[in-house]
Amino acid sequence: MSTSLFEIIIPILVLAILIPAYLRLRLKLLKTYDSKYSGKITIHQKYNGERVMAFNSFAQGLSIYDKGINQSYWYKIAEEVARASQDKAHPKLLMLGLGAVTTSHLVAKLNPKIAQTIVEIDPMVVDACQKYFELDKLPNYSLELGDVFEVVKKNKKDWQNTFDAIVVDIYSGEKPFIVESTNEADFINTIYSFLKKDGMITFNRPAHNPEIRARGEKVLAYLEKHFYHTRLFDIKDPRGYRNYVLVAKNRIKK
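This report concerns the structure included in the present document. (Residues numbered from 1 in each chain as written. Predicted model: local features only at pLDDT ≥ 70, side-chain atom pairs only at ≥ 80, totals over all residues. Heavy atoms only, no water.)

**Here's the deal with the sheet that holds strand β3 (residues 51-55)**
Next, step 1: Strands sit in the order β1-β2-β3-β4 across an open sheet of 4 strands; the sheet is antiparallel. Every other strand in the sheet has two partners, leaving β1 (27-35) and β4 (58-62) as the edge strands with one partner each. Averaged over all pairs of adjacent strands, the angle between their axes in this sheet comes to 25°, without regard to strand direction.
Next, step 2: Pairing analysis gives 4 bridges linking β3 to β4, with the strands arranged antiparallel. In the sheet register, F55 faces β4, and the bridge partner there is F58. (Pairing = 2+ DSSP bridges. Helix = DSSP H or I, 4+ residues; strand = E, 2+ residues; numbered from the N terminus. Axes fitted to C-alpha atoms, helices over the stretch in contact; angles between N-to-C directions.)

Spelled out as structure tokens, the structure:
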């Protein structure tokens, strides 16, 4: 009799554990795009309503309403931007890469006065952000659609000493998913000149393996030559994302 009861209880306990776990992991596919820039873009919705944008299964951004967003690297970037802009009358941010509007929404939430200039190459990303991530509700922004390197080149003179903060958050659909040329000195030096003297630049870099972390640390070493204050934040999101947030403030005059 006891054996039979044991055989009944164990499966019930297993199901009691597995069913909530399944519900937490369950994703509903909302939309798929096939992009020449970003690969396969998927928009999923989790059990709790949180939406996720991914390029070839690599997460690019989230909706911001789940309370766990405060533990993310997106929030850390927004927090640093808001801090760097808090005493400015008309703060300006150059956002290189739209993602799922995650950082931009968080920036606006922390300081809606910040005027955001956003550069994004992929019209499918923009479409996804309009339909699934409330881009049109973002206040005080302008969007420039185009290749970031061409946009930067075109605005090289007009953007000199213009921005209080710049965020470099440009990802692709191919491994290692980061656009590697944004790590190079020529690119960094160009956007460096767009900052005001006391401005801040932030790089979002993946940190999911030792090789990719080493690349981020190399960027930090370069930034240390051009800024008075630099810092690396190693953000380990409970969702499983690990990223380096590199922050450099107060540029050194060349």
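**Considerations on the packing of aromatic side chains**
Next, step 1: Considering all chains together, one arrives at 6 aromatic pairs under this definition.
Next, step 2: Summarising the aromatic geometry, the rings of F149 and F187 are spaced 5.2 Å apart at their centres and angled 65° between planes, so their arrangement reads as edge-to-face. Of this pair, F149 sits in helix α5 (residues 148-154) while F187 sits in helix α6 (residues 185-192), and the two are 38 residues apart along the sequence.
Next, step 3: Residue class for F149 comes out partly exposed when judged on its relative accessible area of 29%.
Next, step 4: Ring centres of W159 and F194 lie 5.6 Å apart, and the angle between their planes is 85°; this geometry places the pair in the edge-to-face category. With W159 in the loop between α5 and β8 (163-168) and F194 in the loop between α6 and β9 (195-206), this pair connects stretches of sequence that are 35 residues apart. Each of the two residues, W159 as well as F194, counts as buried. (Phe/Tyr/Trp six-rings, centres within 6.5 Å; stacked < 30°, edge-to-face > 60°. Buried < 20%, exposed > 50% of the residue type's maximum accessible area, 1.4 Å probe, protein only.)

**Topic: the environment of K153**
Next, step 1: Turning to its location among the elements, K153 is positioned in helix α5.
Next, step 2: Here the alpha-carbon distance between K153 and T190, two residues 37 residues apart in the chain, equals 8.4 Å.

**Thoughts on helix α3 (residues 102-110)**
Next, step 1: Most of α3 is tucked away: 7 of the 9 residues are buried.
Next, step 2: Buried positions along α3 lie against β4, α2 (73-85), β5 (92-96) and β6 (115-120). (Contact = heavy atoms within 4.5 Å.)

**Some points on the pairing of strand β10 (residues 227-236)**
Next, step 1: In this structure, β10 lies alongside strand β11 (residues 242-251), joined through 9 bridges in antiparallel fashion. Counted as the bridge partner of T230 is A248 from β11.
Next, step 2: The loop that links β10 with its antiparallel partner β11 comprises 5 residues; one of these, G240, has a positive phi angle of about 110°.

**Points about the side chain of T117**
Next, step 1: Residue position: T117 is located in strand β6.
Next, step 2: Under the relative-accessibility criterion, T117 is labelled buried at 18%.
Next, step 3: Sequence-distant contacts of T117, that is, excluding residues within four places in its chain, are made with L93, L94, M95, S142, W159 and F163.

**Comments concerning the nonpolar core**
Soluble globular proteins tend to pack their nonpolar side chains together in the buried interior.
Next, step 1: With 42 residues, the main nonpolar core has I43, M53, V81, L93 and L98 as its most contacted residues.
Next, step 2: Counting residues per element, this core draws most heavily on α2, which supplies 6 residues.
Next, step 3: Ignoring anything within four residues of it in the chain, the contact list for L98 reads I118, V119, E120, V125, V126, C129 and L135.
Next, step 4: Judged by nonpolar contacts, the second largest core, of 28 residues, contains L96, F187, L195 and A248. (Core = buried A, V, L, I, M, F, W, Y, C linked by side-chain atoms within 4.5 Å.)

**Topic: the pattern of salt bridges**
Oppositely charged side chains may form a pair once their charged atoms are brought near each other.
Next, step 1: Throughout the structure, instances matching the rule amount to 16 salt bridges.
Next, step 2: When the shortest N-O distance is used, the salt bridge between D66 and R239 registers 4.0 Å. One end of the pair, D66, is in the loop between β4 and α2; the other, R239, is in the loop between β10 and β11, with 173 residues separating them in the sequence.
Next, step 3: The class for D66 is partly exposed, based on a relative accessible area of 26%.
Next, step 4: Two residues, E211 and R215, come together in a salt bridge whose shortest N-O distance is 2.7 Å. Highlighted residues: E211 and R215, both in helix α7 (residues 210-223), separated by 4 residues, approximately one helical turn.
Next, step 5: Judged by relative accessible area, R215 falls into the partly exposed class, the value being 27%. (Salt bridge = Lys/Arg side-chain N within 4 Å of Asp/Glu carboxyl O.)

Shape is all these values report; function is a separate question.
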